[in-house]
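A structural walkthrough
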Amino acid sequence: MTTLDPGTTALILIDLQQGIVPHAGGPRSGDEVVATAKTLVARFREAGAPVVLVHVGFTPETLPSLNADRPSLPPEGTPPAFSELLPNLRQPGDIVVLKHHWGAFTGTDLDLQLRRRGVRTVVIAGISTNMGVESTARSAWELSYDVVIAEDACASRSAELHAFAIEHIFPLFSRVVASGDIELG
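Please read all numbers here as calculations on a predicted model, not as lab measurements.

1. Considerations on the packing of aromatic side chains
- Following the criterion strictly, the structure yields four aromatic pairs and no others.
- Relative to Phe173, the ring of Trp141 lies with its centre 6.0 Å away and its plane at 35°, an arrangement referred to as tilted. Placement of the pair is Trp141 in helix α3 (residues 129-142) and Phe173 in the loop between α4 (159-169) and β7 (175-177), with a sequence separation of 32 residues.
- An angle of 90° between the planes, with centres 6.1 Å apart, marks the rings of Phe170 and Phe173 as edge-to-face.
- Judged by its relative accessible area of 0%, Phe170 falls in the buried class.

Structure (C-alpha cells):
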C-alpha cells in the first residue's frame, strides 16, 4: 500500500481525450484506462486532493519542431475535436491544462498551479505511457516532486512500449504502483 497525504498530493491525468484514447493499444485499451482513471479521480476528489486533466492540441503556431526522422504531428495541426476531453471527466474545481508538447509542464502553468496548492507529490496516469506520461513524470521529478505512476491507469500504442517505460524508465525516478494500492489519508 502506498499512503499519500491528500493535502500535498495531486492526480495528473494525461491526454484522456477524443483524439488519443481510441489509439491505446497495450497492455490495455483506452476504455480500460479511462475506467481505472475515473475510479482514481473519484477517490482523489473525495479526499479533497487536486485533480489535473491535461489535454494536448496543436495548431501550426504551437507545433514543436517537426525536424525529426519520423515526425508524428501533422504540419497543419490537429482538428479541434482531437483535444476535447472525454465527456463527463471534467468537474468544477479540476485544474485543466492544455499543452502543446508531450509533457504537461513544458510551456504551461502546471508547476505554478501545483505549488500554489502546496502539492509535493504527483500521481500520474494516462495515455501514452512512453510519451505524455513519461515526459510529464520526468519533468515532475526534475522539478523535485515525488512521482507515483498508477501503472494500471496507463497504456501506450503497444504493450512493449508501455512495458519498457514501466520496467526500465519509471523506477529510476518514481514509484510504480497499482491504482488500487494508492491510499489517501
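2. Some remarks on the nonpolar core
- Judged by nonpolar contacts, the single largest core of 59 residues is most densely connected at Ile12, Leu16, Leu114, Val122, Ile124 and Ile149.
- Tallying contributions element by element places strand β6 (residues 146-155) first for this core, with seven residues.
- In contact with Ile12, not counting residues within four places along its chain, are Val52, Val54, Phe105, Leu110, Leu114, Val122, Val123, Ile124, Ala125 and Thr136.

3. Notes on the environment of Leu63
- Here Leu63 lies in the loop between β3 (51-56) and β4 (95-99).
- Expressed as a C-alpha distance, the spacing of Leu63 and Glu76, which sit 13 residues apart in the sequence, is 8.8 Å.

4. Some points on the sheet that holds β3
- Reading across from one edge, β4-β3-β2-β5-β6-β7 is the order of the six strands in this open sheet, with parallel pairing throughout. Every other strand in the sheet has two partners, leaving β4 and β7 as the edge strands with one partner each. Neighbour-to-neighbour, the strand axes of the sheet open up by a mean angle of 25°, direction not taken into account.
- Judged from the five bridges that link them, β3 and β4 form a sheet pairing that is parallel.

5. Re α3
- Spanning 14 residues, α3 covers 18 Å between terminal C-alpha atoms, matching the ideal 20 Å at 1.5 Å per step.
- Those residues of α3 that are buried lie in contact with β2 (9-14), β4, β5 (121-127), β6 and α4.
- Just beyond α3, the residue with positive phi is Ser144, at close to 75°.

6. Re the environment of Ala35
- Examined against the element boundaries, Ala35 turns out to sit in helix α1 (residues 30-47).
- On the basis of relative accessible area, Ala35 is assigned to the partly exposed category, the value being 44%.
- Linking Ala35 and Val52, residues 17 residues apart in sequence, is a C-alpha distance of 16 Å.

7. A word on α1
- Given a rise of 1.5 Å per residue, 18 residues ought to cover 26 Å, and the 26 Å separating the end C-alpha atoms of α1 matches this to within 8%.
- Close packing links the buried residues of α1 with β2, β3, β5, β6 and β8 (182-184).
- Gly48 sits one or two positions beyond α1 and adopts a positive phi of about 80°.

8. Description of unusual backbone geometry
- Note that the residue after Gly26, namely Pro27, is joined by a cis bond; omega there is 0°.
- When you line up the elements, Pro27 lands in the loop between β2 and α1.
- In the segment running from Ile127 into Ser128, the intervening peptide bond is cis, with an omega of 15°.
- Mapped onto the elements, Ser128 comes out in the loop between β5 and α3.
- You will see that Asp15, though not glycine, has its phi angle at about 55°, which is positive.
- At Ser144, a residue that is not glycine, the phi angle is positive and equals roughly 75°.

About the cut-offs
Residues numbered from 1 in each chain as written. Predicted model: local features only at pLDDT ≥ 70, side-chain atom pairs only at ≥ 80, totals over all residues. Heavy atoms only, no water. Phe/Tyr/Trp six-rings, centres within 6.5 Å; stacked < 30°, edge-to-face > 60°. Helix = DSSP H or I, 4+ residues; strand = E, 2+ residues; numbered from the N terminus. Buried < 20%, exposed > 50% of the residue type's maximum accessible area, 1.4 Å probe, protein only. Core = buried A, V, L, I, M, F, W, Y, C linked by side-chain atoms within 4.5 Å. Contact = heavy atoms within 4.5 Å. Pairing = 2+ DSSP bridges. Axes fitted to C-alpha atoms, helices over the stretch in contact; angles between N-to-C directions. Expected span 1.5 Å × (residues − 1).

Any functional reading would require information that these geometric values do not contain.
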